[in-house]
Amino acid sequence: MEFKAIAKIYNDFPTKFGLPRQSGMSEHLISRVVMEKEYADPEAFRGIEAFGYLWLLWVFEPMGKREWSPTVRPPKLGGNVRRGVFATRSPNRPNPIGLTRVRLISVERDNGITLTVSGADLMSGTEILDIKPYIGFADSVPNAGSGEYGADKHAPLEVVLPDAVAGLFAPEQLQTLREVLSLDPRPGYQSDPEREYGFAYGGYDIRFKANENTITVIEAIKIKNEK
């Protein structure tokens, strides 16, 4: 069985670390879904603007020859608790396919097809396998059990962001950065308040430290483009 990517998604997160842990956790994160030429037929998108949200089916980054495991240790559960792979959203699964809900903002039909969406949890360059409409009455189950992935056990952290860093980003980018930091991007098993962390965002390496209540951004270092 073979699948072909129909599109790629692009945003300000070129790497996995720092991404929102689930879709919808940073509704201000704007992404562009650029359709491959073969699938950029305007007829294939007739009526799509009637939907407020979409499902994206996508491919986790290549995992090489690593074998799948029936149990995994989710980082957000501390990295020491084993759960069945089918009871988690770990990428280490038999078929590395992800599912993400995004809000549809606009559809551009000039020079191909590009969907502008918000709330994705995909890193830039991820391949999209399929796009389906989100249908509220069928897809939403407000009281469904969510196990240990239910309501976040920790309240959002306070974010301390220097003016020099804030001034580097457009308002929407800055909102996204604050949201991502407030949700604490560190793995659950890392809690050293003296450790300095960093992730790539919007062309900068965002350096920060964190304790139980606060994330403090130290600096943003411009990332040089690789030739």
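A brief structural summary. (Residues numbered from 1 in each chain as written. Predicted model: local features only at pLDDT ≥ 70, side-chain atom pairs only at ≥ 80, totals over all residues. Heavy atoms only, no water.)

### Let's talk about a nonpolar patch on the surface
There is a patch of nonpolar side chains on the surface, built from Phe51, Ile135 and Phe137 and spanning about 330 Å² of accessible area. Inspection of the secondary structure assignment puts Ile135 in the loop between β8 (127-133) and α1 (136-139). (Patch = residues over 30% accessible without salt bridge, like charges linked within 9 Å, V, L, I, M, F, W, Y side chains within 5 Å. Areas by Shrake-Rupley, 256 points an atom, 1.4 Å probe, with all protein chains shown as cover. Salt bridge = Lys/Arg side-chain N within 4 Å of Asp/Glu carboxyl O. Helix = DSSP H or I, 4+ residues; strand = E, 2+ residues; numbered from the N terminus.)

### Concerning the pattern of salt bridges
Throughout the structure, instances matching the rule amount to nine salt bridges. Between Lys4 and Glu38 there is a salt bridge, with its nearest N and O atoms 2.9 Å apart. With Lys4 in the segment before β1 (7-10) and Glu38 in the loop between β2 (30-35) and β3 (53-59), the pair connects residues that are 34 residues apart, well separated along the chain. Considered together, Lys4 and Glu38 belong to a single accessibility category, that of exposed residues. Notably, a salt bridge pairs Arg207 with Glu196, separated by 3.0 Å at the nearest N-O pair. One end of the pair, Arg207, is in strand β11 (residues 204-210); the other, Glu196, is in the loop between α3 (171-182) and β10 (197-201), and eleven residues separate them in sequence. Among the charged side chains, a network of salt bridges with common partners joins Glu196, Asp205 and Arg207. (Buried < 20%, exposed > 50% of the residue type's maximum accessible area, 1.4 Å probe, protein only.)

The analysis is restricted to geometry; functional conclusions fall outside its scope.
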